[in-house]
2 protein chains.
Amino acid sequence: MVTLNRTREVNETLVKEKEAAFAEFIQRKGLKTTRQRNTIISTFFRLRGHISVEELLNEVKKVNPRIGYATVYRTLHLLVESGLVEERRFGDGLARYEGHSDVEHHDHMICLECGEISEFYNPRLEALQEKLAEENNFEIFRHRLELYGACKDKTACQARKGKKAAKSQGA
Amino acid sequence: MVTLNRTREVNETLVKEKEAAFAEFIQRKGLKTTRQRNTIISTFFRLRGHISVEELLNEVKKVNPRIGYATVYRTLHLLVESGLVEERRFGDGLARYEGHSDVEHHDHMICLECGEISEFYNPRLEALQEKLAEENNFEIFRHRLELYGACKDKTACQARKGKKAAKSQGA
DNA sequence: TGGAATACGAAAACTGTTTTCAATATCGAA
DNA sequence: TTCGATATTGAAAACAGTTTTCGTATTCCA
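Here's a quick rundown of the structure. Bear in mind that the values here come from a model prediction, so they are computed numbers and not experimental data. (Residues numbered from 1 in each chain as written. Chains lettered and ligands numbered in written order. Predicted model: local features only at pLDDT ≥ 70, side-chain atom pairs only at ≥ 80, totals over all residues. Heavy atoms only, no water.)

**Quick notes on the protein's contact with DNA strand D**
Turning to step 1, where the next piece is worked out: Close contacts around DNA strand D come from 22 residues, with Lys32(A), Arg37(A), Thr71(A), Tyr73(B) and His77(B) the closest.
Turning to step 2, where the next piece is worked out: Counting only atoms of DNA strand D within 4 Å of the protein, the sugar-phosphate share comes to 73%.
Turning to step 3, where the next piece is worked out: Between Arg74(A) and DNA strand D, the recorded distance is 2.7 Å, taken from a side-chain N or O atom to a base nitrogen.
Turning to step 4, where the next piece is worked out: Within the side chain of His77(B), one N or O atom sits 2.6 Å away from a phosphate oxygen of DNA strand D.
Turning to step 5, where the next piece is worked out: Every element with two or more residues in the surface near DNA strand D is listed here: helix 2 (35–46) and helix 4 (69–82) of chain A together with helix 4 (69–82) of chain B. (Near = heavy atom within 4 Å. Polar contact = N/O pair within 3.5 Å; in protein donor to acceptor, adjacent residues only side chain to side chain. Helix = DSSP H or I, 4+ residues; strand = E, 2+ residues; numbered from the N terminus.)

Listed below in structure tokens is the structure:
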């Protein structure tokens, strides 16, 4: 099992790279560079985790309070389209956005007590899925696997309980 | 790999059992039996697959056109609460409802070409997930795994293409 | 049966997201 | 630079799916 650790500090170099990549995307598409978009993406890439639109907007407003929902939504769509960001839904009705980690793909573990969303990756799991699909004459483009449950380390878990737990749904 | 086959014909006995179970649930909760609820659940249990509210309402209206969205939504919530039905979301923004199969738990394979949603279950996959969770000090309450991709049997797949493919999202 | 409690249906309200629209900003060409 | 075509913005309206409200109708126990 590989649990992916997010570094606590933001990697400035990485952020700059992503900003550059986005700028290139914008140019390639013949779109325009704007102050608002720059604010939004630079804020986004400096946040960690699975960010909802509202969370992002709140942060963005600290820099420029005149930026509204529409622009944030639009910019997030562009980020997704550029491939720099992925949209996820964990069943609480909110879209969440995630800048790519160093690891191409990963699955999620969601604690229903404290709301913590952690990531993991396991090649055997991936391989097994491939095998099952194969047996079923199915070609996987992508998948998602989410484990809903609870951290066993209750002290740390309860301590995190500031953010409310995701409502969730699943199997 | 176990692929779950839905029988083409509705199992009348099973449906009656579920209707009875729901009736019992209603009674236990001190709620009332109504013509509308009966229509809705009996329609629901005779449909196969992953049913959206709109699909169900359409069917229900054939029996009693005066039944509206609100009652269908309310009844579905009761069905979920009763444990007879599960709510699922496959990322197209629609809630879908599924009467329990004979098999307790299963995962999904969603063809993005023809929209077919098939079910599968594999104990090794389940076990592996448990193991990963264990290693990560996490207790799984439930999970969901969805494989998005395409049927390899293109002829059958294309033939089914009447219903539009689920929009989807995932990893 | 009477009547308290529940359910109904239509419409309004809500939530998260997308679109509209008039005003503004960007940026390549002149 | 300035122009001007085109893209972008922000506020507000529109949207889609779902939930709630509210007055009326139904259920069902005493």
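**Observations regarding the sheet that holds strand 3 (residues 85–89) of chain A**
Residue and element names in this part refer to chain A.
Turning to step 1, where the next piece is worked out: The antiparallel open sheet is built from three strands, whose spatial order is 2-4-3. Two strands in the sheet have a free side with no partner beyond their single neighbour: strand 2 (51–52) and strand 3.
Turning to step 2, where the next piece is worked out: The pairing of strand 2 with strand 4 (residues 95–99) spans two bridges and is antiparallel. Bridge pairing in strand 4 links Ile-51 to Tyr-97. (Pairing = 2+ DSSP bridges.)

**Comments concerning the interface of chain A and chain B**
Turning to step 1, where the next piece is worked out: Contacts between the two partners involve 47 residues from chain A, matched on the other side by 48 residues from chain B.
Turning to step 2, where the next piece is worked out: Buried area between chain A and chain B, summed over both chains or domains, comes out near 4500 Å², and the portion from carbon and sulfur atoms is 56%.
Turning to step 3, where the next piece is worked out: Counting across the interface, chain A meets chain B through four salt bridges.
Turning to step 4, where the next piece is worked out: Arg144(B) is the salt-bridge partner of Glu146(A), the closest N and O atoms lying 3.0 Å from each other.
Turning to step 5, where the next piece is worked out: On the surface where chain A and chain B come into contact, there are 13 residue pairs in polar contact (both at pLDDT 80 or more).
Turning to step 6, where the next piece is worked out: Of all elements in the fold, only strand 3, strand 5 (107–111), helix 5 (123–135) and strand 7 (138–151) of chain A reach the threshold of two or more residues within the side of chain A that touches chain B.
Turning to step 7, where the next piece is worked out: When strand 7 of chain A meets strand 7 (residues 138–151) of chain B, the two strands line up antiparallel, connected through 13 bridges. Residue Phe138(A) lies in a different strand from strand 7 of chain B, and its bridge partner there is Cys151(B). (Contact = heavy atoms within 4.5 Å. Buried area = accessible area lost by both parts, 1.4 Å probe. Salt bridge = Lys/Arg side-chain N within 4 Å of Asp/Glu carboxyl O.)

**Thoughts on the relation of the copies chain A and chain B**
Turning to step 1, where the next piece is worked out: Expressed as a screw operation, the relation of chain A to chain B combines 0.0 Å of axial shift with a rotation of 180°, fitting to an RMSD of 0.1 Å. Here the two chains are linked by the operation of a two-fold rotation axis. Residue Leu145(A), judged by its C-alpha, is the member of chain A lying nearest the rotation axis, at 2.1 Å.
Turning to step 2, where the next piece is worked out: Comparing contact sets, 100% of the residues at the interface of chain A also lie at the interface in chain B, consistent with an isologous, same-surface contact. (Least-squares fit on C-alpha atoms with pLDDT ≥ 70 in both.)

**A closer look at the side chain of His108(B)**
Residue and element names in this part refer to chain B.
Turning to step 1, where the next piece is worked out: If you trace the backbone, His-108 turns up in strand 5 (residues 107–111).
Turning to step 2, where the next piece is worked out: Of the residues examined, His-108 reaches a relative accessible area of 1% and is grouped as buried.
Turning to step 3, where the next piece is worked out: Aside from chain neighbours lying at most four places away, what touches His-108 is His-50, Arg-88, Phe-90, Glu-98, Ile-117, Ser-118, Glu-119, Phe-120, Leu-145, Glu-146 and Leu-147. (Buried < 20%, exposed > 50% of the residue type's maximum accessible area, 1.4 Å probe, protein only.)

**Quick notes on the sheet that holds strand 3 (residues 85–89) of chain B**
Residues and elements named next belong to chain B.
Turning to step 1, where the next piece is worked out: Spatial ordering of the open sheet is given by 2-4-3, a layout of three strands whose pairing is antiparallel. Two strands in the sheet have a free side with no partner beyond their single neighbour: strand 2 (51–52) and strand 3.
Turning to step 2, where the next piece is worked out: As judged from the five bridges shared by strand 3 and strand 4 (residues 95–99), these two strands associate in the antiparallel manner. Bridge pairing links Arg-88 to Arg-96 in strand 4.

By themselves, these are just geometric observations and shouldn't be taken as functional.
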